[in-house]
Amino acid sequence: AQSVTQLGSHVSVSEGALVLLRCNYSSSVPPYLFWYVQYPNQGLQLLLKYTTGATLVKGINGFEAEFKKSETSFHLTKPSAHMSDAAEYFCAVSLMIYNQGGKLIFGQGTELSVKP
Amino acid sequence: ETGVTQSPTHLIKTRGQQVTLRCSSQSGHNTVSWYQQALGQGPQFIFQYYREEENGRGNFPPRFSGLQFPNYSSELNVNALELDDSALYLCASSLNNLRGMNTEAFFGQGTRLTVV
């Protein structure tokens, strides 16, 4: 069975500081991995995804994540936080195999606060 | 703007009632997935519809049912509402290609259901 664990339900950083949101996954087959962002009272927006190929993935708004198979991790980073980055972030895993495509399993989420 | 639209945006129902939520998928997408997001939690997969048939289901009771129409729009129906059904219901559309592989999912803004 697949699962996702996000370490830290709440992370607080100062504006301009490094953002690091942690995600570990469990999967019996090679996973597809995603990071989504959710602003208050809104749906989910895709930040970035890993399917195959390069393990360092760049996304929107300056975010990137690195797939580390040996550590079963897919941590999200951004070199310099901006006030507009304050939101809820979700890591998700998917099995892109026949008849299971598109089902996403989400972590519990990490709320990012950015202090001025 | 993802092009996935959900209606209504907010809804209040009484315990025991039935509710229907609607989702219009993004242009060119043929698959719709529904998720339940309880307050403070990550989204939980309810089910997916492809070619007007259910294509995978999460751990939800039969009183959660759905439909997909020829234009790929979808409905989520919940019978005998319980207080714990209060949540944000998210619809996501994707494209299932001929090999059964899904592209990334695009989410709507969600329907906030409150059961009193």
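Residues numbered from 1 in each chain as written. Chains lettered and ligands numbered in written order. Predicted model: local features only at pLDDT ≥ 70, side-chain atom pairs only at ≥ 80, totals over all residues. Heavy atoms only, no water.

Teacher, can you tell me more about the overall build of chain B here?
Summing up its helical and strand segments, chain B has zero helices and eleven strands in all. Listed N to C, the secondary structure of chain B is β-β-β-β-β-β-β-β-β-β-β in terms of helices and strands. Taken over C-alpha atoms, the radius of gyration comes to 13 Å for chain B, in line with the 13 Å a tight globule of 116 residues would show. By its C-alpha atoms, chain B is 45 × 30 × 25 Å across when sized along the principal axes. Across the 116 residues that make up chain B, the buried fraction comes to 51%. By sequence separation, contacts in chain B at least 24 residues apart represent 54% of the contacts at least 6 residues apart. (Helix = DSSP H or I, 4+ residues; strand = E, 2+ residues; numbered from the N terminus. Rg over C-alpha atoms; globule rule 2.2 N^0.38 Å. Buried < 20%, exposed > 50% of the residue type's maximum accessible area, 1.4 Å probe, protein only. Contact = heavy atoms within 4.5 Å.)

Even after reading the chapter, I still don't get the state of the cysteines, so can you show me in this structure?
A covalent bond bridging the sulfur atoms of two cysteines is what the word disulfide describes. All told, the structure shown has two disulfides over all chains when counted by the stated rule. The disulfide partner of Cys-23 of chain A is Cys-91 of chain A, and the gap between their sulfur atoms is 2.0 Å. When the S-S torsion is -65 degrees, as for the bridge of Cys-23 of chain A with Cys-91 of chain A, the disulfide is left-handed. Placement of the pair is Cys-23 of chain A in strand β3 (residues 19–26) and Cys-91 of chain A in strand β9 (residues 87–94), with a sequence separation of 68 residues. One disulfide bridge connects Cys-23 of chain B with Cys-91 of chain B, the sulfur atoms lying 1.7 Å from each other. Handedness of the Cys-23 of chain B-Cys-91 of chain B disulfide follows from its S-S torsion of about -55 degrees: it is left-handed. Taken together, the residues Cys-23 of chain B in strand β3 (residues 19–24) and Cys-91 of chain B in strand β9 (residues 87–94) connect sequence positions 68 residues apart. You'll find Cys-23 of chain B and Cys-91 of chain B in the same group, each marked buried. (Disulfide = S-S within 2.5 Å.)

Looking at this structure, how should I read the pairing of β3 of chain A?
Residues and elements named next belong to chain A. Residues Val-19, Leu-21, Cys-23 and Tyr-25 point to one face of β3 and are all buried, whereas Leu-20, Arg-22, Asn-24 and Ser-26, pointing to the other face, are not buried. Summarising the sheet, strand β1 (residues 3–7) and β3 pair through five bridges and their orientation is antiparallel. Paired with Val-4 across the bridge in β3 is Tyr-25. In the sheet, β3 pairs with strand β8 (residues 73–78) via four bridges, with the strands oriented antiparallel. Each residue of the ladder has a partner; that of Leu-21, found in β8, is Leu-76. (Pairing = 2+ DSSP bridges.)

Hey, could you run me through the nonpolar core in this one?
Note that soluble globular proteins tend to have their nonpolar side chains buried in a common cluster. Counting residues in each nonpolar core, the largest one holds 26 residues, and the members touching the most others are Trp-35, Leu-47, Leu-48, Phe-74, Leu-76 and Tyr-89 of chain A. Within the residue set of this core, elements represented by two or more residues are β2 (10–14), β3, β4 (32–38), β5 (44–50), β7 (64–68), β8, β9 and β11 (110–115) of chain A. If we skip the residues at most four places from it in the chain, Tyr-89 of chain A touches Gln-6, Leu-21, Trp-35, Tyr-36, Val-37, Leu-47, Phe-63, Leu-76, Gly-109, Thr-110 and Leu-112 of chain A. Counting residues in each nonpolar core, the second largest holds 19 residues, with Leu-21, Cys-23, Val-32 and Val-115 of chain B among its members. (Core = buried A, V, L, I, M, F, W, Y, C linked by side-chain atoms within 4.5 Å.)

Help me understand the side chain of Thr-110 of chain A in this model?
Here Thr-110 of chain A shows up in strand β11. In this structure, Thr-110 of chain A is in contact with Gln-6, Leu-7, Gly-8, Ser-9, His-10, Val-11, Leu-21, Ala-87, Glu-88 and Tyr-89 of chain A, ignoring residues within four places of it in sequence.

Whenever I open this one, the side chain of His-29 of chain B confuses me. Can you help?
Residues and elements named next belong to chain B. Of note, His-29 is situated in the loop between β3 and β4 (31–37). A distance of 2.7 Å separates the side chain of His-29 from the side chain of Ser-93, its partner in a polar contact. Non-local contacts of His-29, meaning those with residues more than four positions away in its chain, are made with Tyr-72, Ser-93, Ser-94, Leu-95 and Phe-106. (Polar contact = N/O pair within 3.5 Å; in protein donor to acceptor, adjacent residues only side chain to side chain.)

Just to check I follow, could you spell out the sheet that holds strand β8 (residues 74–78) of chain B for this structure?
Strand pairing in a sheet relies on backbone hydrogen bonds. The paired strands run either parallel or antiparallel. Residue and element names in this part refer to chain B. Taken in spatial order, the four strands line up as β1-β3-β8-β7 in an open sheet, and their pairing is antiparallel. Whereas interior strands pair on both sides, the edge strands pair on one side only; in this sheet they are β1 (5–7) and β7 (64–68). On average, adjacent strands in this sheet sit at an angle of 20 degrees to one another, irrespective of strand direction. Pairing analysis gives five bridges linking β3 to β8, with the strands arranged antiparallel. Within β8, the position partnered with Leu-21 by the bridge is Leu-76. (Axes fitted to C-alpha atoms, helices over the stretch in contact; angles between N-to-C directions.)

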